[in-house]
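Read off the chains here:
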Amino acid sequence: HGDTLIAQKVTGTKNVPKGQVTFEVDLSPRTMDDTEDVLEPIELGDNAARQWGCKYLQRFNGRGQVAAEGFLDSQWIDGQLIMVNEYFSFAWLPIGHQVFFGRPTPELILKLMKDEKRRETGECTDRAFLEKCWEETEHLEDDQDIQYYPVDFSADDDNRDSHFYTQEGCFE
């Protein structure tokens, strides 16, 4: 379905694991005659409207997945996606749970990736993580047969830049 937003868990919880769909929302445009599933926007009070920069919040019907610990008895329940400017939230209606989403910073993305890799590999130190990355890089180089040609700069510090730019493969 081209107009369906499907949210997949990037990090897991004790209830719904990584890789599972956490919610789905139908974002299909509606016609004037198709008012059955159209939700009225949420009207904000004056203070909230000033805080969020808009008076009305558009919302869409969806369904969210819930489960007991260990992903037991998973089931789908009614939910709503609520648009809040550059943010959005999803509300699992019957259980009163709501999560807000926004665009993460590059720093946060790197931290989350690093934390997830640590959980997967059981490594607890930055050094161990970096060594693992270096080993992976060496394997990739071996697979692609990449060659490096070191240049000896110690002989003539005045010509260091000219040596750098004339190395084989430079600016190809």
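Rules of the game
- Residues numbered from 1 in each chain as written.
- Predicted model: local features only at pLDDT ≥ 70, side-chain atom pairs only at ≥ 80, totals over all residues.
- Heavy atoms only, no water.
- Core = buried A, V, L, I, M, F, W, Y, C linked by side-chain atoms within 4.5 Å.
- Buried < 20%, exposed > 50% of the residue type's maximum accessible area, 1.4 Å probe, protein only.
- Helix = DSSP H or I, 4+ residues; strand = E, 2+ residues; numbered from the N terminus.
- Contact = heavy atoms within 4.5 Å.
- Pairing = 2+ DSSP bridges.
- Axes fitted to C-alpha atoms, helices over the stretch in contact; angles between N-to-C directions.
- pLDDT = per-residue confidence, 0-100.
- Phe/Tyr/Trp six-rings, centres within 6.5 Å; stacked < 30°, edge-to-face > 60°.

Caption draft 1: Molecular detail of the nonpolar core. Residues Ala7, Phe23, Val25, Phe60, Val66, Ile77, Leu81, Phe90 and Trp92 constitute the largest nonpolar core, which totals 9 residues. Sorting the residues of this core by element identifies β2 (21-26), β5 (59-68), β6 (72-84) and β7 (87-92) as the ones contributing at least two each. For Ala7, the residues in contact, after removing those within four places along its chain, are Gln20, Val21, Thr22 and Phe23. Counting 6 residues, the second-largest nonpolar core is a separate cluster that includes Leu44, Ala49, Cys54 and Leu57.

Caption draft 2: Representation of the sheet that holds β7 within the structure. Strand order in the open sheet formed by 6 strands is β1-β2-β5-β6-β7-β8, with antiparallel pairing between adjacent strands. Across the chains shown, the open sheet's two edge strands, defined by having one partner strand only, are β1 (4-8) and β8 (97-101). This sheet shows a mean twist of 25° between the axes of neighbouring strands, independent of strand direction. Taken together, the 6 bridges between β6 and β7 define a ladder with antiparallel strand orientation. Across the sheet, Val84 pairs through a bridge with Tyr87, a residue of β7.

Caption draft 3: Looking closely at the environment of Thr11. Following the sequence through the fold, Thr11 ends up in the loop between β1 and β2. By relative accessible area, which is 33% here, Thr11 ends up partly exposed. Each C-alpha atom of the pair Thr11 and Glu116 lies 7.4 Å from the other, and the pair is 105 residues apart in sequence. The residues contacting Thr11, other than those within four sequence positions of it, are Lys18, Glu116 and Arg119.

Caption draft 4: Highlighting the side chain of Lys9. Inspection of the secondary structure puts Lys9 in the loop between β1 and β2. The contact partners of Lys9, leaving out residues within four places of it in the chain, are Val16, Pro17, Lys18, Gly19, Gln20 and Thr22.

Caption draft 5: Summary view of the confidence of the model for the protein chain. Residue-level pLDDT values for the protein chain average 77, and 66% of them are 70 or greater. The element-level mean pLDDT for the protein chain is lowest in helix α4 (residues 160-165), coming to 43, with β5 highest at 95. Segment residues 146-153 is flagged for pLDDT under 50; beyond a separation of four residues in sequence, or across chains, it makes 9 contacts in the model. Scored below 50 in pLDDT, residues 159-172 makes 10 contacts in the model with residues more than four places away or belonging to other chains.

Caption draft 6: Region of interest: the packing of aromatic side chains. The final tally for this structure, using the stated rule, is 7 aromatic pairs. Ring geometry for Phe23 and Trp92: centres 6.1 Å apart, planes at 85°, overall edge-to-face. With a gap of 69 residues between them, Phe23 in strand β2 and Trp92 in strand β7 connect regions that are remote in the sequence. We note that Phe23, like Trp92, is buried. For the ring pair Phe23 and Phe101, a centre distance of 5.8 Å and an interplane angle of 55° mean the geometry is tilted. Within this pair, whereas Phe23 is found in strand β2, its partner Phe101 is found in strand β8, the two being separated by 78 residues in sequence.

Caption draft 7: Structural context of the pairing of β5. Two strands pair when backbone bridges link them, and β2 and β5 are joined in this way by 3 bridges, in the antiparallel orientation. Residue Val25 lies in a different strand from β5, and its bridge partner there is Gly62. As consecutive antiparallel partners, β5 and β6 are separated by 3 residues, and within that stretch Gly70 has a phi angle of approximately 85°, a positive value.

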